[in-house]
Each structure stands twice: as structure tokens, then as C-alpha cells.
Amino acid sequence: MVEGRGIRYWEEGLYLFRSDDREAAFRRALEIGEGSQSGGEEETRRRTRWVETRLAEVVALDCLGPELSEEEEPLEVHWMRLPATERIAFDHKFEPARNMPSQSR
């Protein structure tokens, strides 16, 4: 999110971690996402502007089995940047804790 401009692109990450149940997994996913938020000044040729990375939502929670050891968690296994397909203002407040995601498969 760019101050004065809004969303620039989406960043998506895929993490593996252990959890006792779906509710605990959702809370843990929120913690991971909130821990990835950041903000700071970005220099351009013309000016300095404020840029933030915010957690918008937890897209999916899937149970993959008990193979992951506790020492490996959370394990980021995929990350990508996608172009924004909609306009979202910089002052928009995302509420990721309001929507428990479905299972993707």
C-alpha cells in the first residue's frame, strides 16, 4: 500500500506449521501474517513516500498431516507478488480475523 496511491500489488505466502485444530491454525496464520507486516519510507526520483505491507486475509487453511516437526515451523515454502486487479485506498482497513477461510481442497 502506497500512501496517497493505495494498493500497488498483492504479496502471497504459503506457510507450513503445526496446529492442534482449525481454530488454533487460523490464529497462528493471523500471527504469521501480522508478523510479516511492515512500513517505511520509499525513495523515488521525485519524492519520498510511505509504503506499507499489510495482512489482508488468510486465503486457505489445509490439513496436510503430522509430518512437520516442531523445529521447522513456521516454514515459508512459497512467495509471490501479483499485480493488483482492483483499486484499494491507502486508508482501507483490512479485517483478516473476521473471515475464517475454507479448506482449498
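Note that this is a predicted model, so its numbers are computed, not measured.

Rules of the game
- In this convention, every chain numbers its residues from 1, walking through the sequence in written order.
- Given that the model is predicted, a residue must reach a pLDDT of at least 70 before its local features are reported, and side-chain atom pairs must reach 80 or more before they are shown or counted; all residues, however, enter totals for whole chains, interfaces and linings.
- Hydrogens are left out, water is left out, and the side-chain values use all remaining heavy atoms of the structure.
- Secondary structure elements are taken from DSSP: a helix is a run of H or I of four residues or more, a strand is a run of E of two residues or more, and numbering for both begins at the N terminus.
- Contacts are assigned to residue pairs that have any heavy atoms within 4.5 Å of one another.
- Areas reported as accessible are Shrake-Rupley estimates using a 1.4 Å probe. Residue values count occlusion only from the protein chains shown.
- Charged-residue counts in this description rest on Lys and Arg as positive and Asp and Glu as negative, His and the chain ends being excluded.
- Charge positions come from single atoms, namely NZ of Lys, CZ of Arg, CG of Asp or CD of Glu.
- For this analysis, a nonpolar core means a set of buried residues of the types Ala, Val, Leu, Ile, Met, Phe, Trp, Tyr and Cys, connected via side-chain atoms within 4.5 Å.
- With a 1.4 Å probe rolled over the protein chains alone, any residue whose accessible area is under 20% of its type maximum counts as buried; one over 50% counts as exposed, and the rest are partly exposed.
- Helix span, as expected, comes to 1.5 Å for every residue beyond the first.
- Two N or O atoms count as a polar contact when they lie within 3.5 Å, although within protein this holds only if one can serve as hydrogen donor and the other as acceptor, and sequence-adjacent residues are included solely when both atoms are side-chain atoms.

Caption draft 1: The overall build of the chain, seen in detail. In terms of helices and strands, the chain carries one helix and four strands. With the C-alpha coordinates aligned to their principal axes, the bounding extent of the chain is approximately 50 × 25 × 20 Å. Sequence-distant contacts, at least 24 apart, represent 79% of the contacts inside the chain between residues at least 6 apart. Summed over its atoms, the accessible surface of the chain is roughly 8,100 Å², and 46% of this surface lies on carbon and sulfur atoms. Side-chain charges of the chain comprise 16 positive and 23 negative groups, with the mean position of each set lying 10 Å from the other.

Caption draft 2: Examining the nonpolar core more closely. With nine residues, the main nonpolar core is built from Phe-17, Ala-25, Phe-26, Ala-29, Leu-30, Ile-32, Leu-55, Val-58 and Leu-61. Counting six residues, the second-largest nonpolar core is a separate cluster that includes Met-1, Ile-7, Ile-88 and Phe-90.

Caption draft 3: Quick peek at helix H1 (residues 22-35). Here H1 spans 20 Å end to end across 14 residues, near enough to the 20 Å set by a 1.5 Å rise per residue. Listed as buried for H1 are Ala-24, Ala-25, Phe-26, Ala-29, Leu-30, Ile-32 and Gly-33. Between the side-chain oxygen at the start of H1 and the backbone nitrogen of Glu-23 there is a gap of 3.2 Å, and the oxygen is on Asp-21.

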